[in-house]
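# Coordinate inspection notes
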Amino acid sequence: VQLQASGGGLVQAGGSLRLSCATSGRAFSTYAMGWFRQAPGKEREFVATIRRNGDGTYYADSVKGRFTVSRDNAKNTVYLQMNILKPEDTAVYYCAADRFGSSSYRAWLSYDYWGQGTLVTVSS
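In what follows, the accompanying structure is described. Everything numeric in this text was worked out from a predicted model, so none of it was measured.

To continue, consider the packing of aromatic side chains. This model, assessed by the stated rule, comprises eight aromatic pairs. Measuring from centroid to centroid gives 5.7 Å for Phe46 and Tyr105, while their planes differ by 50 degrees, and the two rings are tilted. Taken as a pair, Phe46 in strand 5 (residues 45-50) and Tyr105 in the loop between strand 9 (91-98) and strand 10 (113-114) lie far apart in primary sequence, 59 residues in all. Owing to a relative accessible area of 8%, Phe46 belongs among the buried residues under this scheme. Counting every residue linked through ring pairs, the aromatic cluster contains Phe36, Phe46, Tyr58, Tyr94, Tyr105, Tyr111 and Trp114. Across from the ring centre of Tyr79, 4.0 Å away, lies the NZ or CZ of Arg18, which sits over that ring. Across the ring face of Tyr94, the terminal group of Arg44 is positioned such that the distance to the ring centre comes to 4.1 Å.

Here is the structure:
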């Protein structure tokens, strides 16, 4: 399984970006999908997750109300719409796939496959 994240870039504070993560293989619709981020000098942290059918989404408190995760199972793609971006959102963003839909969705160890990351830089 290969995951390809894209859509990162440089944006001013208050702006928006939409990240995409295209996934290979036929089992995409059976995976829970997550987004994580890692800022320089910091640990990787949970951002958002979406259940396999898109019927459940969960967010870190720091992004709740600003970010929206969605998926298109026909396109094997998961998205992260990021609005009202802040400088503290600057990080490399990673998408990840969880084969078993773990209840421990905030833990990066729950995810089996990872994309290469896409850099988001928010200027003040």
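Spatial strand order, 1-3-8-7: four strands in an open sheet with antiparallel pairing. Unpaired on one side and paired on the other, strand 1 (3-6) and strand 7 (67-72) mark the two borders of the sheet. Strand-to-strand twist across the sheet, computed as the mean angle between neighbouring axes with direction ignored, equals 15 degrees. Here strand 3 (residues 17-23) runs beside strand 8 (residues 77-82); their pairing, made up of six bridges, is antiparallel. Bridging from a neighbouring strand, Cys21 pairs with Val78 of strand 8.

The rules behind the values
- Residues numbered from 1 in each chain as written.
- Predicted model: local features only at pLDDT ≥ 70, side-chain atom pairs only at ≥ 80, totals over all residues.
- Heavy atoms only, no water.
- Phe/Tyr/Trp six-rings, centres within 6.5 Å; stacked < 30°, edge-to-face > 60°.
- Helix = DSSP H or I, 4+ residues; strand = E, 2+ residues; numbered from the N terminus.
- Buried < 20%, exposed > 50% of the residue type's maximum accessible area, 1.4 Å probe, protein only.
- Lys NZ or Arg CZ within 6 Å of the ring centre and 35° of its normal.
- Pairing = 2+ DSSP bridges.
- Axes fitted to C-alpha atoms, helices over the stretch in contact; angles between N-to-C directions.

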